[in-house]
Amino acid sequence: MKKNNQAFPPPLDADKVRTLEANALLSYLESNENGLSSVEAQARLEFYGLNTIEEKHKSAILKFLSYFWGPIAWMIEIAAILSAIVHHTEDLVIILVLLFFNAIVGFWQEFQAGNAIAQLKKNLALKARVFRDGQWISIDATHLVPGDQVKVRLGDVIPADIALLKGDYLSIDQSALTGESLPVDKSTGDLIYSSSIAKQGEMTGVVTSTGGHTYFGKTAKLVDSAKTVSHFQKAVMQIGDYLIFMSLALVVVLVLVGFERHLPMMELVQFALILTVASIPVALPAVLSVTMAVGAIKLAKLKAIVSRLESIEELAGMDILCSDKTGTLTQNKLTLGDPVIFNGANADGIILAAAMASDAENPDAIDTAILQKLNDENRSHAFHQQHFIPFDPIQKRTEVTIKPEEGNLFKVSKGAPQVVLDLCLPDIDMRERAEQTVNEFALKGYRALGVAKTDEAGHWVFLGIMSLFDPPREDAADTINEAKTHGVDIKMVTGDNIAIARQTAGELGLGQNILLAEQIIKAKDKEDIIHNVAQCAERADGFAQVFPEHKYWLVKDLQAINHLVGMTGDGVNDAPALKQADVGIAVSGATDAARAAADLVLTGAGLGVIIKAIEEARCIFERMNAYAIYRITETIRIMLFMVTAMLVYNFYPITAVMIILLALLNDLPILTIAKDNTWLPPTPVKWDMRKVLTVATVLGVLGVGETFLLLIIARDHFHVSIDQLQTIIFLKLAVAGHLTLFVARTRNSFLVRPFPAPILLFAIISTQIVAALIAGFGWFVTPISWEYIGLIWAYCLFWVFIEDGLKLLVYRHIEHKTKRHSHFLCHLKSSLHIRLHII
């Protein structure tokens, strides 16, 4: 708690809350049924602090100093000490520059990534409905204070410890806190804990404790959570390990040859250390995290917020998207048609009854459509809602007790026609007529809503069926076609019956192969047909009459046949499916529970937002792919050339200082690759280590060959001195390295779009100017003539076209083999399917 001139009561623990009745509890908290004013809430916020659990943050200074501690830093520091011992002042200065450069770059990249993640967390902050200044408003849950009156309903993540005051019941899932496997029913006077989830019902209560004083805050262990490592991160780390072991092996060869040839030991060890540092991908973790973080910020601007950076990879590789119909494929703007009347009711009477069965304070889409259709709002004001039971996925209806200005209490209900009809104990004729009406609506693509009320004797009377139409989004059909061109198969998921589903699918151009979800789910336990069931789900265009629990098994079925599956959802019961999916997507307006379970949280409506997010995720993946190819290529070039040149010519082709300068010049442009332009892959992307290593090895070996050729020309034709030859090789490696980045960053020719981003181009041009000035003016190296510098540039430009052509040939060869392999597998799969069918 913070210091404040005004004193407030200390937060209550659970045992104390249970001993107090409602009035006593409000009295203790210095609150009442009217809640707090904004001024009171602000004063309490200053006293109690934000409703968060404080995280321990490492000092920025200690973070920075940590970059001077570790295997890579130790090797650089040992090299610096050796330079000081042998009085190589220039070497010492450059080595220290590399040491501080690595520390500053690493610290800055981590700072950037940390800021990006903090911004994403801010965008995903929970909201709370609180009664302040005499009205219900929505605020950030972090601003709740003890004494606040809050409303909790289906799908909410409980924002603080709350004592329930009003309402019928609330079903709470507190398994994460107490280990109870089933939801627990709560009623007036009970306490609900922060971070538990409301599964059913709606109640109001008063906040008793916030932040670290809650039950969750006291029991939570503030330790670093285990972070999952994505397939892509594992692959990149494998590349890092491969480069490290290759570098160390070649360095061992170099040292052994040096010992055999009696080279100066101190100089040999220093050179080996610096060569190892330059070859190991020091910038790899920074490039990985920053590329992901920068991409995540761009996704957020596209109204798609990732809850974890690693989910970007799964989004890039997703090949099936199971999309909710309502709100994603349709406009979620329901319009009412003319009702079908039963039992002598009239149209206005049905609409009035439906309006009374709606929640005017927090209306959903159906409530809004009904309230807008009500011709005379004053008519509904003559009736007061005394008791409201909200809609939930299990009961499938609302029920409201109404107190009129004159007369006795009565009840109204609206919901699924079959459910509401069952209340009224209909005869066979009425049931058949109702079912026929529902089917006729369905054939037109309309949803049906049953309405009923009680008579004076308390018996339910069925008033009629209202038609609701949710038109497809104007851009939905085009967006679905766009998704198909990107290799993503869209499958519609809806709770509507199969007739409505087929009508909507037809309008969207999805196809008419709509399956009942229940048929798929019932077959899941039959081992002999489970694979065929999964294939049926794979070929389906959509699924009808889907309950939230069905979504989980649909995802499992599709994953069973090696698909990366995305699933959209918005309700608390969608959470298991969102967690199971490779990409769980919480749509705009989703409940807190769904948002917490999802990998991707949408803040904009429609399928178009998801398609844009897929495109951006694939671009992020390609940037990482380009970096991996470039890094392997450069390590092969430098390490293999250095060791081979030493073995053949018995001299260092470049000096230790030159290696450090190369490392500095190469790392600067790489740090801008996160913002580079890249091509958009037309199909889902997956990590292909064979392709990456093949392309990188071919480019690397070619680079070794062209560098050897330049060494031979300079040594045997131009007869330059050893010192000048080292400068020539240094400049060639610097120029060719960055030109190789142009080649590696795209699968097409580097002369066609997408061209490098201005920031990458500027970084490369700047470092090339610096490299030329170092060679021309002899900064830390032996100077060479500007004529030689020009010839080296021409030589490198000539070879970059050969590299680019060879890269295109390699890609073409790999893709041709991949297509042949895919055709063979498809043919084999079809043959097996036919044989199984015959059997």
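Our structure is the block above this text.
Quick summary incoming for the structure in this document. (Residues numbered from 1 in each chain as written. Predicted model: local features only at pLDDT ≥ 70, side-chain atom pairs only at ≥ 80, totals over all residues. Heavy atoms only, no water.)

## Quick look at the packing of aromatic side chains
Taken as a whole, this structure holds 21 aromatic pairs when the rule is applied. The interplanar angle of 80° and the centroid separation of 5.4 Å between the aromatic rings of Phe-64 and Phe-68 together place this pair among those described as edge-to-face. On the basis of relative accessible area, Phe-64 is assigned to the partly exposed category, the value being 24%. Measuring from centroid to centroid gives 6.3 Å for Tyr-795 and Trp-799, while their planes differ by 55°, and the two rings are tilted. Taken together, the residues span about one helical turn, with Tyr-795 and Trp-799 both in helix α31 (residues 786-838) at a distance of four residues. Comparing Tyr-795 with Trp-799, the two get one shared label, buried. A connected cluster of aromatic rings, assembled from ring pairs, spans Phe-641, Tyr-649, Phe-651 and Phe-708. Lying across the ring of Phe-342, Arg-433 places its NZ or CZ 4.1 Å from the centre. Its guanidinium or amino end placed over the ring of Phe-410, Lys-453 lies 4.6 Å from that ring's centre, counting from NZ or CZ. (Phe/Tyr/Trp six-rings, centres within 6.5 Å; stacked < 30°, edge-to-face > 60°. Buried < 20%, exposed > 50% of the residue type's maximum accessible area, 1.4 Å probe, protein only. Helix = DSSP H or I, 4+ residues; strand = E, 2+ residues; numbered from the N terminus. Lys NZ or Arg CZ within 6 Å of the ring centre and 35° of its normal.)

## With respect to the pairing of strand β15 (residues 447-454)
Of all eight residues in β15, six are buried; the element is thus mostly enclosed. Of the pairings in the sheet, the one linking strand β14 (residues 410-415) to β15 comprises four bridges and is antiparallel in character. Pairing of Val-412 across the sheet is with Lys-453, part of β15. Where β15 and strand β16 (residues 460-469) come together, eight bridges link them in antiparallel fashion. Along β16, the bridge assignment pairs Lys-453 with Val-461. From the end of β15 to the start of β16, which pair antiparallel, there are five residues, and Gly-458 there has a positive phi angle of about 85°. (Pairing = 2+ DSSP bridges.)

## A closer look at the pattern of salt bridges
Under the defined criterion, the tally for this structure stands at 23 salt bridges. For Asp-475, the salt bridge goes to Arg-473, with nearest N and O atoms at 3.5 Å. Exposure remark for Asp-475: the relative accessible area of 33% places this residue in the partly exposed category. With a closest N to O distance of 3.5 Å, Arg-637 and Glu-634 form a salt bridge. On the criterion of helical spacing, the pair formed by Arg-637 and Glu-634 is a turn pair, its members being three residues apart in helix α26 (residues 607-649). Of the two residues, Arg-637 and Glu-634, neither departs from the other in class, the shared state being buried. Residues joined in a network through salt bridges with shared partners are Lys-298, Glu-616 and Arg-623. (Salt bridge = Lys/Arg side-chain N within 4 Å of Asp/Glu carboxyl O.)

## Remarks on the sheet that holds strand β18 (residues 514-516)
Strand order in the open sheet formed by eight strands is β8-β22-β21-β20-β9-β17-β19-β18, with mixed pairing between adjacent strands. Of all strands in the sheet, those bounded by a partner on one side alone are β8 (304-306) and β18. Across this sheet, the average inter-strand angle for adjacent strands is 20°, counted without regard to direction. Bridge count for strand β20 (residues 565-569) against strand β21 (residues 583-586) is four bridges, and the pairing is parallel. Across the sheet, residue Met-567 finds its bridge partner in β21, namely Gly-584. (Axes fitted to C-alpha atoms, helices over the stretch in contact; angles between N-to-C directions.)

## Brief notes about a nonpolar patch on the surface
On the surface, Val-252, Leu-256, Phe-259, Met-265 and Val-269 cluster together into a nonpolar patch covering about 460 Å² of accessible area. Contributing elements (two or more residues each) for the nonpolar patch: α9 (231-260) and α10 (265-279). Of note, Met-265 is situated in helix α10. Classification of Met-265 by relative accessible area gives exposed; the value is 52%. (Patch = residues over 30% accessible without salt bridge, like charges linked within 9 Å, V, L, I, M, F, W, Y side chains within 5 Å. Areas by Shrake-Rupley, 256 points an atom, 1.4 Å probe, with all protein chains shown as cover.)

## Some remarks on the nonpolar core
By size, the foremost hydrophobic cluster in this structure holds 140 residues, and its most contacted members are Leu-275 and Ile-654. Ile-654 has contacts with Phe-271, Met-642, Ile-659, Leu-662, Gln-726, Ile-729, Phe-730 and Leu-733, leaving out every residue within four places of it along the chain. By size, the runner-up hydrophobic cluster in this structure holds 26 residues, among which are Leu-554, Leu-558, Val-565 and Ala-581. (Core = buried A, V, L, I, M, F, W, Y, C linked by side-chain atoms within 4.5 Å. Contact = heavy atoms within 4.5 Å.)

## Remarks on the environment of Val-150
If you trace the backbone, Val-150 turns up in strand β3 (residues 149-153). Taking C-alpha positions, Val-150 is 5.6 Å from Thr-204, a pair spaced 54 residues apart along the chain. Contact partners of Val-150, with chain neighbours within four places excluded, come to Arg-129, Val-130, Trp-136, Leu-144, Ile-162, Met-203, Thr-204, Gly-205 and Val-207.

## Here we look at the pairing of strand β4 (residues 161-173)
Of the strand pairs in this sheet, β4 and strand β7 (residues 197-209) are connected by ten bridges, and their pairing is antiparallel. Of the residues in β7, the one forming a bridge with Ile-162 is Val-207. Examined bridge by bridge, β4 and strand β6 (residues 191-192) share two bridges and lie antiparallel to one another. Counted as the bridge partner of Ile-162 is Ile-192 from β6.

## Focus on empty space enclosed by the protein
Here the structure, examined in full by the defined rule, presents three cavities of 30 Å³ or more. By volume, the second largest cavity amounts to about 70 Å³. Around the second largest cavity sit 13 residues that line it, and Lys-325, Gly-445, Phe-469, Asp-470 and Thr-504 are the ones nearest its centre. Counting residues per element, the lining of the second largest cavity draws most heavily on helix α20 (residues 498-508), which supplies four residues. Residues belonging to the lining of the second largest cavity are distributed by class as follows: four nonpolar, four polar and five charged. (1 Å grid on protein atoms, 1.4 Å probe; cavity = no way out; pocket = protein on both sides within 12 Å on 5 of 7 lines; lining within 4 Å. Points joined across faces, edges and corners; volume = space filled by probe spheres on them. Nonpolar A, V, L, I, M, F, W, Y, C, P; charged D, E, K, R; others polar.)

## Quick notes on helix α29 (residues 722-744)
A rise of 1.5 Å per residue sets the reference length of α29, with its 23 residues, at 33 Å; its end C-alpha atoms lie 32 Å apart and thus fit the reference within 8%. α29 sits mainly inside the fold: 20 of its 23 residues count as buried. (Expected span 1.5 Å × (residues − 1).)

## Considering the environment of Lys-686
Turning to its location among the elements, Lys-686 is positioned in the loop between α27 (656-670) and α28 (689-717). Overall, Lys-686 belongs to the exposed group, its relative accessible area being 52%. Separated by 373 residues in sequence, Lys-686 and Glu-313 have C-alpha atoms that sit 8.3 Å apart. Discounting chain neighbours no more than four positions away, the residues touching Lys-686 are Asn-562, Leu-564 and Phe-621.

## A look at the packing of α27 against α29
At a minimum axis distance of 10 Å, the contact between α27 and α29 shows a crossing angle of 15°. Judged by the angle between their axes, α27 and α29 are roughly parallel. Every pair of crossing elements has a handedness; the one defined by α27 and α29 is right-handed. For the pair α27 and α29, contact is made by Met-658, Leu-661, Leu-662, Leu-665, Asn-666, Pro-669 and Ile-670 and by Gln-726, Thr-727, Phe-730, Leu-733, Ala-734, His-738 and Leu-741, respectively. (Parallel < 35°, antiparallel > 145°, perpendicular 65-115°, else oblique. Left-handed = near helix turned anticlockwise from the far one by under 90°.)

## Here we look at unusual backbone geometry
The peptide bond linking Arg-753 to Pro-754 adopts the cis configuration, its omega dihedral lying at 0°. Of note in this structure, Asp-133 is not a glycine but carries a positive phi near 55°. Here Asp-133 shows up in the loop between β1 (127-132) and β2 (135-140). Residue class for Asp-133 comes out partly exposed when judged on its relative accessible area of 47%.

## Structural notes on a negative patch on the surface
On the surface, Asp-427, Asp-429, Glu-432 and Glu-435 cluster together into a negatively charged patch. In this fold, Glu-432 is placed in helix α18 (residues 428-443). Taking the relative accessible area as the measure of exposure, Glu-432 reaches 48% and is therefore partly exposed. (Lys, Arg positive; Asp, Glu negative; His and termini not counted. Charge placed at Lys NZ, Arg CZ, Asp CG, Glu CD.)

## Side note on helix α23 (residues 548-559)
For α23, with twelve residues, the first-to-last C-alpha span of 18 Å sits near the 16 Å given by 1.5 Å per residue. Residues of α23 that are buried include every one of Pro-548, His-550, Lys-551, Leu-554, Val-555, Asp-557, Leu-558 and Gln-559, and no others.

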